[in-house]
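Here are the chains, one letter per residue:
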Amino acid sequence: ALPGFRGLSRVIHNWAPQRPVRLPNHDLRQELGLAPGQVLVGAVGQLHPRKGLDVLVEAFTRYAPRNGVLALLGDGPQLPELKRLAGSDERIRFLGFRHDVDAALQSLDLFVSPSREAACPLSVLEAMRAELPIICTATSGQKEMLVGEAAAIVPVGNPMALGVAIRNHICHLGERRQVLRQRVRYDLSRYSRAGSVARVEVLYRELIARHAQLRRA
């Protein structure tokens, strides 16, 4: 994405911050009053059109089995529209802004990122760190993050593809007759804070050395 650029460039990935856990023993399933056989699907982010949550709500209402529950964590200007789309579907819960995202992720059975545009979304990194199964859209950043990983990648802005992927995952859990937390181990070596900071330092040292060499020349 840098046509004609002759300077040094490096790709240095973001990392998921460690949020303070204010409710360490909090169980989101208990908060929502879910039965053992219900599957909890979650999405985290600002309620804004670029996040594609309208596509997620449409996909869920049309395709998710009755034992699925969708929790949307976040606030934003699209909230009234999303509530209209959800209508009377009581399976869709709007939880607003949360300080306990990391703890809430531990209660999910599936994480969904339906973004229309995403470079390196922190919510996906947090879901990877929580070892959650992930369904995401094929934005350039999310494809790069999850290529080769055990994640389902669907076209951007396609409610049917997203809904079918969600339905298949929920039905897979239902076939086991109990909701068991499925853990997925992701390669997060590129997304460590220590590694990224080290790569920034290396780049700065290369730039300083090049600058000194040019001055001598």
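This one's a predicted model, so the numbers in the text were calculated from it and none came from an experiment. (Residues numbered from 1 in each chain as written. Predicted model: local features only at pLDDT ≥ 70, side-chain atom pairs only at ≥ 80, totals over all residues. Heavy atoms only, no water.)

### Observations concerning the sheet that holds strand β5 (residues 134-137)
With respect to topology, six strands assemble into an open sheet ordered β3-β2-β1-β4-β5-β6, the strand pairing being parallel. The open sheet terminates on both sides in strands that have one partner only, identified here as β3 (92-96) and β6 (152-154). In this sheet, neighbouring strand axes are inclined to one another by 20° on average, regardless of whether the strands run parallel or antiparallel. As judged from the four bridges shared by strand β2 (residues 68-73) and β3, these two strands associate in the parallel manner. Opposite Leu73, over in β3, you have Gly96 as the bridge partner. Along the sheet face, helix α5 (residues 122-129) touches β1 (39-44), β4 (110-113) and β5 and points at about 160° away from the line of β4. (Pairing = 2+ DSSP bridges. Helix = DSSP H or I, 4+ residues; strand = E, 2+ residues; numbered from the N terminus. Axes fitted to C-alpha atoms, helices over the stretch in contact; angles between N-to-C directions. Contact = heavy atoms within 4.5 Å.)

### Re unusual backbone geometry
Although it is not a glycine, Glu131 sits at a positive phi angle of roughly 60°. Checked against the element boundaries, Glu131 lands in the loop between α5 and β5. Judged by relative accessible area, Glu131 falls into the buried class, the value being 16%. (Buried < 20%, exposed > 50% of the residue type's maximum accessible area, 1.4 Å probe, protein only.)

### Quick look at the environment of Ile153
Assignment of secondary structure puts Ile153 in strand β6. Residue classification places Ile153 among the partly exposed residues on the basis of a relative accessible area of 36%. In this view, Ile153 contacts Cys136, Thr137, Ala138, Lys143 and Leu146; residues no more than four positions away in its chain are not counted.

Treat this as a map of the structure, not an account of what it does.
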